[in-house]
There are 2 protein chains.
Amino acid sequence: MSLSEQLQEHKETLILALEQEDRERLDQWLPELRAADLSEILEEMAEDDDDLPSVLKLLDCLPLERRANVLGYLPGEVQLEVAEAMSDEVLLSVLEEMGSDERADLFNLLGEDRQEVLLRRMARQEREDLKRLASYEEGTAGAIMTSDYVAIPSGMTVSQAMMRVRQTAPDAETVYQLYIIDPEGKLAGTLSLRQLMVARPGARVDDLMIKDVISVAVDEAQEEVARLVARYDMLAVPVTDADERLVGIVTHDDAMDVAEEEATEDFHKGMSIGQLEDGVSRVPLWSLYRKRVTWLVLLVFANLFSGAGIAYFEDTIAAQVALVFFLPLLIGSGGNAGAQAATLMVRGMATGDVGVKDWSKLLGRELLVAGSLGLTMALAVAPIGVMRGGEAVAMVVATSMVTIVLFGSLLGMCLPFVLNRIGWDPATASAPLVTTLIDASGVLIYFTIATSVLTGA
Amino acid sequence: MSLSEQLQEHKETLILALEQEDRERLDQWLPELRAADLSEILEEMAEDDDDLPSVLKLLDCLPLERRANVLGYLPGEVQLEVAEAMSDEVLLSVLEEMGSDERADLFNLLGEDRQEVLLRRMARQEREDLKRLASYEEGTAGAIMTSDYVAIPSGMTVSQAMMRVRQTAPDAETVYQLYIIDPEGKLAGTLSLRQLMVARPGARVDDLMIKDVISVAVDEAQEEVARLVARYDMLAVPVTDADERLVGIVTHDDAMDVAEEEATEDFHKGMSIGQLEDGVSRVPLWSLYRKRVTWLVLLVFANLFSGAGIAYFEDTIAAQVALVFFLPLLIGSGGNAGAQAATLMVRGMATGDVGVKDWSKLLGRELLVAGSLGLTMALAVAPIGVMRGGEAVAMVVATSMVTIVLFGSLLGMCLPFVLNRIGWDPATASAPLVTTLIDASGVLIYFTIATSVLTGA
């Protein structure tokens, strides 16, 4: 049974229990569900079934800590709806139980009036922390970090640090990586709990800690944070402000979410789709339309160049209509080869496998590979050329194929580097853009060759 | 300064020190480099500069444990070259220091004779462990798991377990998640080190552990393992055999590597590129050619359908050559819209956001969005139709645009589901395939409408 079928069954059980007001059954079933699973069920109830009352009732059945945990997994708009149905009292307690990063995210969704009311009822330190975390720009390290880390004052002994870990354990996001803070609040070093556990109780953390810490600035792009965590196999990466003070950490699971999000964004960009705020099955239709239409319309006009090219060669075409037979094939092949080359580069640059300095080396490689691809495809298409229009047409088609595939591949390979150079995201070199550019060039190449060969010019 | 520039500098320093045989400088510089960075430098030396002797010399300067660690980061073929240059003695010590998963990977690369020699010199338990880990099929949980986990026999007290953690700490991949094993060797439950630390020393682990463990079978696909780790924010997922015995764990960092690998594979598939064994800048040219050529040639033949469609309507075209002007634009737009729709579905299915049961709901959404997109693009292109061929042509072009975009989008949306249904990878519904199919259909739609309107049939 697949996970989704299992979840479907759980959902039906929960709904039945709700309808029958069978509290006993709910209390038996709810604890069996993991937060990630329960939140998926609630999300479907809220969005597909539009059944917010059931969501609220189910959340009410959960103990406070679990309620906060499940809520944190839900998409923003559902969190907001749930929060709006809660009294200030309840919302405050739930916020308190949430991880500091999720608390800040939910807080940012609330209306200003509600924010004011809640802030006024919080303790001073809590308020400052929340205001700070909520203030970082989306997409930066600051926006995804949590302030629930274990800070160890410099100078502590191992046994003192161990005590501190035990005290902080219930609230910290991770207790496995400890951060040693000097008297000025600066990050002096890190120490893993593993190192702490095998150390002599009387030793000082300052003598054990690793001083050469990998950290990120609070305004660092979130994809860069994810890349660091992956590269150095980190449990969490510390985030520091301009004065090198530790302000938070980004944990491995949040980094993994960012990496997935970024990969999805690049996927969509690769097909000229703008950044969606949510999964494709949930994002509003109007937003889906907007994210897709811009490039589509731009590409319509770019395609006019192909049309103009065809119009320019109208005489050649009228003289030998058979040439049109090979037009989709030739420009299609160039577009496909070019889109392949562009994709290889864009993804290579995104994963850090390809750097700008590799450009010239890759150009040589692409020349060889694209040349071989063009020759292979020319051989495949030549017999058809002979069949449809004789040897002259076959020669025109084969020559055009090699030229177009070579040109398309080189264009597809170079475009991401050029875009990167002028400060654009290389992923803008999407398959549709590359294909459209090659279409227009392909028309020119094909008919130029055809005109010169067939009219003997 | 970017990371890669920093690394370049480090590399030059190391090479200079090597040339001058400045051992003191090497001993000062090498410990400053992290394993991930040093291995990147060595990789470039081995592959781009073809300078294996320097790689070997540098590795020789490292203490054994570090040498094993750095070696594990290198690509397979470099590891193999390094291993072949080592004596059996040295290689054995290095293998011993490696993580069990990396040890098995390197072992699998060695020739059979060398494997035999090494196995004969190992202790029995070590030999069995290595043979077992090396035997799992690539792409499964077994192939990426490590056997260096902390197993706690069922029945132990908290303080006994704590002692066990301290003993195992130097060798275990992670000590933060503990696995409780019953007398039959079955996985009875898990316990986090955090829970253990705050528990009463006399309590029994059996009373504290979580019994409802998320685990994977040893032959589970690696992408499924990565998905579970991400979904449940796990530090590591336990791997069990057919008898529910714990045989290994997959840690979060290895899961993150798999997720990145899978995303890259899907990216490439989306552009009809086969699975590469290595990054695009390193994979052999011949392999790059092979991975790209198959689909390109297949698509050449698929494109023949477009050509055949055009040939069929030769009379219409000859009568009104102006129609050809709009051909690239119309089929291009349909292809772009279709590729967008396919990409949204393929990625949604890969991330688990879209399930097969969502099909009908998504169909309705796509109908609305694609209809609006088609209308917008028809409006954009209609004035050009009027300019180039009068109102009748404009009407033909606008009608064709709506029809082709709608048809293309629905085809692009449905194809991944159909492929999934017949047991293929939805990512096979690549942009080039979708575009080619829509090209052919677009030709038919366009000229059918044109023939019927312009000849008044």
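Residues numbered from 1 in each chain as written. Chains lettered and ligands numbered in written order. Predicted model: local features only at pLDDT ≥ 70, side-chain atom pairs only at ≥ 80, totals over all residues. Heavy atoms only, no water.

The name given to chain A in an unreviewed UniProt entry is Magnesium transporter MgtE, and the organism recorded there is Billgrantia antri. Entered under Function (unreviewed entry) in the UniProt record, the comment concerning chain A runs "Acts as a magnesium transporter." As its UniProt record puts it under Sequence similarities (unreviewed entry), chain A is described as follows: "Belongs to the SLC41A transporter family." (UniProt positions renumbered as here; feature names shortened; annotations may be inferred.)

Concerning the interface of chain B and chain A
Each partner contributes to the interface: chain B provides 117 residues, whereas chain A provides 117 residues. The junction of chain B with chain A conceals about 10400 Å² of combined surface from both sides, 65% of it contributed by carbon and sulfur atoms. Linking chain B with chain A are eight salt bridges. The partner of Glu 40 of chain A in a salt bridge is Arg 231 of chain B, and the shortest N-O contact between them spans 2.7 Å. The interface formed by chain B and chain A contains 37 residue pairs in polar contact (both at pLDDT 80 or more). The residue inventory of the side of chain B that touches chain A, partitioned by class, reads 69 nonpolar, 22 polar and 26 charged. (Contact = heavy atoms within 4.5 Å. Buried area = accessible area lost by both parts, 1.4 Å probe. Salt bridge = Lys/Arg side-chain N within 4 Å of Asp/Glu carboxyl O. Polar contact = N/O pair within 3.5 Å; in protein donor to acceptor, adjacent residues only side chain to side chain. Nonpolar A, V, L, I, M, F, W, Y, C, P; charged D, E, K, R; others polar.)

Considering the side chain of Asp 37 of chain A
Tracing the chain through its elements places Asp 37 of chain A in helix H3 (residues 35–47). According to the relative accessible area criterion, Asp 37 of chain A is buried, its value standing at 5%. Not counting residues within four places of it along the chain, the set of residues in contact with Asp 37 of chain A comprises Leu 7 of chain A together with Arg 231 and Tyr 232 of chain B. (Helix = DSSP H or I, 4+ residues; strand = E, 2+ residues; numbered from the N terminus. Buried < 20%, exposed > 50% of the residue type's maximum accessible area, 1.4 Å probe, protein only.)

Some thoughts on the domain arrangement of chain A
Assigned domains within chain A: domain 1 (3–135), domain 2 (150–251) and domain 3 (285–454). One C-alpha centre belongs to domain 1 of chain A, the other to domain 2 of chain A, and the line joining them spans 30 Å. (Domains from an automatic or database assignment.)

Considerations on the pairing of strand E3 (residues 187–192) of chain A
Look at any regular strand and the pattern is simple: side chains alternate between the two faces of the sheet. All names here are of chain A. Most of E3 is tucked away, with five of its six residues classed as buried. Both strand E2 (residues 177–181) and E3 contribute to a ladder of five bridges, which runs antiparallel. Bridge pairing in E3 links Ile 181 to Leu 187. Linking E2 back to E3 in an antiparallel pair, the connection comprises five residues, with Gly 185 at a positive phi of about 85°. (Pairing = 2+ DSSP bridges.)

Brief notes about the relation of the copies chain B and chain A
If you rotate chain B by 180° and push it 0.1 Å along the axis, it lands on chain A with an RMSD of 0.1 Å. The transformation relating the two chain copies, once decomposed into turn and shift, fits a two-fold axis. Both copies present the same face, since 100% of the interface residues in chain B are matched by interface residues at the equivalent positions in chain A. (Least-squares fit on C-alpha atoms with pLDDT ≥ 70 in both.)

Some remarks on the pattern of salt bridges
Residue and element names in this part refer to chain B. Under the definition given, this model contains 32 salt bridges over all chains. Of the charged contacts in the structure, one is a salt bridge between Glu 89 and Arg 121, with a shortest N-O distance of 3.0 Å. In this pair, Glu 89 is assigned in helix H7 (residues 88–97) and Arg 121 in the loop between helix H9 (112–120) and helix H10 (124–134), connecting sequence segments 32 residues apart. The exposure class of Glu 89 is exposed, given its relative accessible area of 51%.

Examining the UniProt feature "transmembrane region" (unreviewed entry) in chain A
Residue and element names in this part refer to chain A. Mapped onto this numbering, the UniProt entry gives "transmembrane region" (unreviewed entry) at residues 293–313, 319–346, 367–386, 392–419 and 431–454. Along residues 293–313 one finds 95% helix and 0% strand; the C-alpha atoms at either end are 31 Å apart. The span residues 392–419 shows a helical share of 100% and a strand share of 0%, and its end C-alpha atoms are spaced 40 Å apart.

Section: the packing of aromatic side chains
All names here are of chain A. Scanning the entire structure with this criterion turns up 14 aromatic pairs over all chains. Taking the centre distance of 5.6 Å and the plane angle of 20° together, the rings of Trp 286 and Tyr 289 count as stacked. Separated by three residues within a single helix, Trp 286 and Tyr 289 lie in helix H17 (residues 285–312), roughly one turn from each other. With a relative accessible area of 56%, Trp 286 lands in the exposed category. (Phe/Tyr/Trp six-rings, centres within 6.5 Å; stacked < 30°, edge-to-face > 60°.)

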